[in-house]
Every structure is written in structure tokens, then in C-alpha cells.
Amino acid sequence: MNPPIIYQSLYDTLLELVVYLIFLRYFLVFLHSCGELRSDHVGEKVTLCGWVQYLRQELFVILRDFSGMTQVVIPQKESAWHLKSTLCDLTVESVIKVTGTVRCRPEGQENKLMPTGEIEILAESVEVYNLCQKLPFEIKDFVKKSEALRMQYRYLDLRSSQMQRNLRLRSQVVMKMREFLCNMHGFVDIETPTLFKRTPGGAKEFVVPSREPGRFYCLPQSPQQFKQLLMVAGIDRYFQIARCYRDEGSKPDRQPEFTQVDIEMSFVEQTGIMSLVEGLLQHSWPAELGPIHLPFNTMTFEEAMRDYGVDKPDTRFAMKLIDLSDIFMSTDVPFLRSALSQPGGYVQAICVPSGVVRTFKEKLSLVQVRENGTLNSPLKKLISPKTTAELLQRTGSRPGDLLLIAAGSLHTRTLLGHLRLQSAELLECCGVSVRDPSVFHFLWVVDFPLFLTSEHEPENLESAHHPFTAPLPEDTHLLYTEPQKVRGQHYDLVLNGCEVGGGSIRIHKASEQRYVLKNILKEDPTLLTHLLEALDSGAPPHGGIALGLDRLLSIMVASQSIRDVIAFPKSFRGHDLMSSAPDLISEEELKSYHISVIWPME
């Protein structure tokens, strides 16, 4: 085929397309969204579909959809009495379709608070899809609803503009994450099973009965074992937007079922995982929240506990813990002397600017600094002027500040860490700006202990993260002699004092994994035979991370609860108030699962 024929064919195709578009423009009515119309659309005939937000004096209908709101003018001419009657008889939240012509609002009637506030639609026809009955609450952001009522009528709560924004932001973030991992870094999106078996250690799992007597599935706390098996299988780079389950009830930042961005890589080190996650978050971060800067700061577990008293510090404000042990080494104050005489004893303090007076029930001394630089405290009579001067200098205290001093073992750090956060909350309640909600401080916390003393069995150790975390290479020899001193290749990602991700480099040798399970954690290795056999089949070095998608998004939208970024969350007790789940099952239905219910005694 010679070139002129090709060009002629292309020209004919384009001409047909132009004619078709002109036909659509002049002979068909466009369907627009309620939030997109502007003064540029004046004179156009449009069709809008949505919910009735307001009815105003039989003059206007405010129509709403996911994109915003538009004012629809009710015609007042006698010839349009039927249309007027239909529009005036509508109820709030009824669903309609309106066709009309876009026109400018009369001068002085513009609404600058509405994106569509310069125009209105003169209704020419209306179709009522559904007339709404009385609702349990109004669909308006300023109307306060109880948490239980919102959960019970979640399909109504989701109509609110805030929930619409939250869920659409969630979708956008997930799409950008997929783009970054799959299209830009060669990850493979793989779904792993939801029905699995019990995993040693960790949180409580949901049990699912099978039709085989005495045999049960468990819903996975995470795809941890499967993603490690995928590395053995040579997948090399795996990710999944994974549903996970923990039978622990519900809290503001926890749900019995939740979503995490699950990632695993072969032939990678800790810094490689951290760098990847930083790039992932930078790529998917909403532009309206401002840029995030790389690399994120890094802090060891020991530094976090020493300076902040918690392993997920909020670094948006100061008020660090201050070690006063050397100042009070020769003190005569009984509780301070007792604390320092113990192995690992500490005296630490935090300085609360513009002091907050509260009563704390712990081994704590309140010291308020007067305007003249003297102390207002029971300790004043027990410490010398020299010690007082050293105390004020070390803590950087000024008149009006409050010193919270605690003495004891390492528990002292945790106590002061919680008091630091409570003090920030109290100051903010009093109108003092402490934490900027528009600022996002990311922080990596590394070098965690690999094992912790079990709370229920102090003579035993338990995994600080999970039993598959590898020790730091320089601490590996301590596994066999002093496992309580081993640090793990575990890293947490913290945002504004909330843990939003956690991961580790994994144990990839079966002999080492078997030793950890059997000799240190006292777990039965046969429960993980499949994993141990896989590690013995040529497992590459590998590691990964899981980001808590719900928690991350709740911080993005400045919500105190992850329920505000989940379409259908569970209640505080882990119940679905809308459908009344969990529900009862009859004895007849239970027979096929070989289960009977033993009801608790009254």
C-alpha cells in the first residue's frame, strides 16, 4: 500500500470521529457530575444525577453526588406546575435525575464557598428514581452521630463528604503503590491463601472449622510464611494488598480484620528494604499533604527508649527524657537513693514547658519552677541549693515549667514516655500548640532486641517481632549462649508516634530457624515442617516489610480512628453492627462440623 492511501484512510477516520463528536455535542444531553460545572458551561443543556441535599423555600434543590453539589432552580412558571410540584414534594436524600440549562446566578447571589457557586441549573425535567423515607440521622458533616449509629447505618454514613474523600484517597494511594511496585520495580502481585493453619506465637487467631472432625483452619495474621515460601520459589520480588486477621477485639488503631501492604524481596539487606519503602511512600503520597523528604531519620531502639521512653517516638516535639542519675548519686531522698542502689536503677525527668498540674499515681515527683527560679515541690527541702542549680541547668527549666521526675528500673523510661505524651495532650487541651497536625515526621527504629522476657512466664523468652527474624550478624553467636542479648535485623517505620510498618531480614537457614523455635522459644518445630523443609531446599537470603495501610491512611486524613478509612469496619467489640455479625448457628448446622457449643454458666 502506498503512503497516499494510508493518509487518505486516516483522514477519513478522523473526519468521521469529528462528525460524531459534533453530533454528540449538539444533539445529545451530556451527563455531568454535580461538582464539575463552572461558568464555562453556561448555556449548555446538562443532566445531573444524585441525592437531594437541601430543599430551600420551594425555590431551589441542592443536588449532591460524590464530586460535590449544584444548585437546581425550581421553575415558577404556571406552565411548569407539574415539574414544580414534583421537585417540591421531594424529601432530603431522595435520588433523582434532573435535566436543565446551566446559567449564571443572579448578581449578588454567588456562593464563593461552593466550587459551583457561580452557576445554577434551571430545571426542565426531573425523574425520581427513589423517594427517601425518614433517616436515622442527617447526611451532613456538621451533624454529630454516635459511633454505634454510624456503624449500624454505615451505608448512610459513607455518603458524607468526609468518608467519600477518605475512601477515594485510599483508592488513589493503593493505585500509586501498585504502579510503583509493579510497573517501576518489577514486583509480582500474588494472592496468598486466607485459610491456613495455626502459627506459633503471635496474636490470637480466628479459628475456622472444617468438616473433618477435630481439624480447623486459622485465618492468617499475615502472609508471612507464604511470602517466605515465594522467595524459596524464586519469585524474587513479591507484594500484595493483603487482608489479615487477629482475634483481639478492636481499638481506635486496630481492627480484627485489617489491610497491609505486604512486601518481600530476595538478595536484599535492611537498607535496601528501607530505601524501597521510602521511595514507595514518596511516590504514593497525596500531593495536597505536601512533599515528604528522603531519607527518613533512623534511630536505634536503645536511643528511642533512652530519649523518648517508647519504641515509636513522636518526634514532632521535644520534651526528651533527661538522665539525672549522676546528680542524685549522693542524695538523701529515700526513694531516689533506693532506686539508684538497684542494678540498672535510673533517675530521669522530663521538662514540661508552661507546666501542667495533674496528679500522677506512680513513683513520681512533681517539681514546679517558680518565677524567681526556686522550686515548688516536696523535694525542695530534701535537696541542696547546689543540686537544685544542677537540676535546673541539666533540664533547661525556666520559670513556669514543670519537671516530672521518676526513679526506678528500666520501667521508669516507659512511665515517663507515656507521661510525655499525656503532657502534650494536656497542653494542647489548654490551647498550647505542641504537635503540628500538618507535619509528618517519618522515623526508622532499628536494632530491636530479638527476644523479650515473657510476661506470663518470666523464665521463658518470646519473639519481640516474630520467630522468623534473623539476628544481627555480629550477635549471631549469642543465640547459643545469651539469647536475651541478641539484637534482631528488625526495623519499624514510625509516623508521628504511630507504628505504620514493621519488617525484618529473615532467617534463611533451616538449622538456625529450628534452633530458635525449639531451644529458645520452646515451640514445636513440627508445626512449621513445611517452612523448614523449604529453607533446606535452597532458600536465598530474603527480607521484607508490611505497612499498615489503614493506620497510614488514618494519619493522612487526620483521623483518630482507622474506622474512618475502612468502608465497613467492626465495632469496639469486633462486631458488625449493621449485619449483626457474628451470628448464631443452629445445632443442626454445627453437626456437619462436629462442633457443639458449651454455653457459659450464668
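A brief structural summary. (Residues numbered from 1 in each chain as written. Predicted model: local features only at pLDDT ≥ 70, side-chain atom pairs only at ≥ 80, totals over all residues. Heavy atoms only, no water.)

This brings us to the pattern of salt bridges. According to the stated counting rule, one finds 29 salt bridges in the structure shown. Overlapping salt bridges, with partners in common, bring together Glu-147, Arg-150, Arg-154, Asp-157, Arg-563 and Asp-564 in one network. (Salt bridge = Lys/Arg side-chain N within 4 Å of Asp/Glu carboxyl O.)

What follows deals with the sheet that holds strand S22 (residues 498-505). The strand order S7-S10-S11-S23-S22-S21-S18-S12 describes an open sheet built from eight strands, whose pairing is mixed. At either margin of the open sheet sits one strand with a lone partner, and together these are strand S7 (188-189) and strand S12 (297-300). With nine bridges connecting them, strand S10 (residues 237-245) and strand S11 (residues 257-266) associate as antiparallel partners. Looking at S11, one finds that Ile-241 is bridged to Val-261. Together, S12 and strand S18 (442-446) form the strand contacts of helix H8 (residues 301-308), whose direction differs from that of S12 by roughly 85°. Sitting on the sheet, helix H14 (residues 549-556) is in contact with S10, S11, strand S21 (490-495), S22 and strand S23 (542-548), with an inclination near 145° to S22. (Pairing = 2+ DSSP bridges. Helix = DSSP H or I, 4+ residues; strand = E, 2+ residues; numbered from the N terminus. Contact = heavy atoms within 4.5 Å. Axes fitted to C-alpha atoms, helices over the stretch in contact; angles between N-to-C directions.)

Taking 1.5 Å of rise per residue, the 25 residues of helix H5 (residues 161-185) would be expected to cover 36 Å, and the 35 Å separating its terminal C-alpha atoms lies within 8% of that figure. For H5, the full list of buried residues reads Met-163, Asn-166, Leu-169, Arg-170, Val-173, Val-174, Met-177, Phe-180 and Leu-181. After H5 finishes, the residue Gly-186 shows a positive phi value of roughly 70°. (Expected span 1.5 Å × (residues − 1). Buried < 20%, exposed > 50% of the residue type's maximum accessible area, 1.4 Å probe, protein only.)

As for its placement among the helices and strands, Gly-417 is situated in helix H11 (residues 411-429). Accessibility expressed as a relative area gives 1% for Gly-417, which makes it buried. Separated by 106 residues in sequence, Gly-417 and Asp-311 place their C-alpha atoms 9.4 Å apart. Not counting the four nearest positions on each side in its chain, Gly-417 is found in contact with Tyr-308, Gly-309, Val-310 and Leu-321.

Turning our eyes to something else, we now look at the nonpolar core. Formed by 40 residues in total, the largest nonpolar core has its most connected members in Ile-263, Leu-281 and Leu-493. Those elements giving two or more residues to this core turn out to be H5, S11, helix H7 (270-284), S18, S21, S22, S23 and H14. Aside from chain neighbours lying at most four places away, what touches Ile-263 is Leu-181, Phe-187, Lys-227, Tyr-238, Phe-239, Leu-276, Leu-280, Gly-544 and Ile-545. (Core = buried A, V, L, I, M, F, W, Y, C linked by side-chain atoms within 4.5 Å.)

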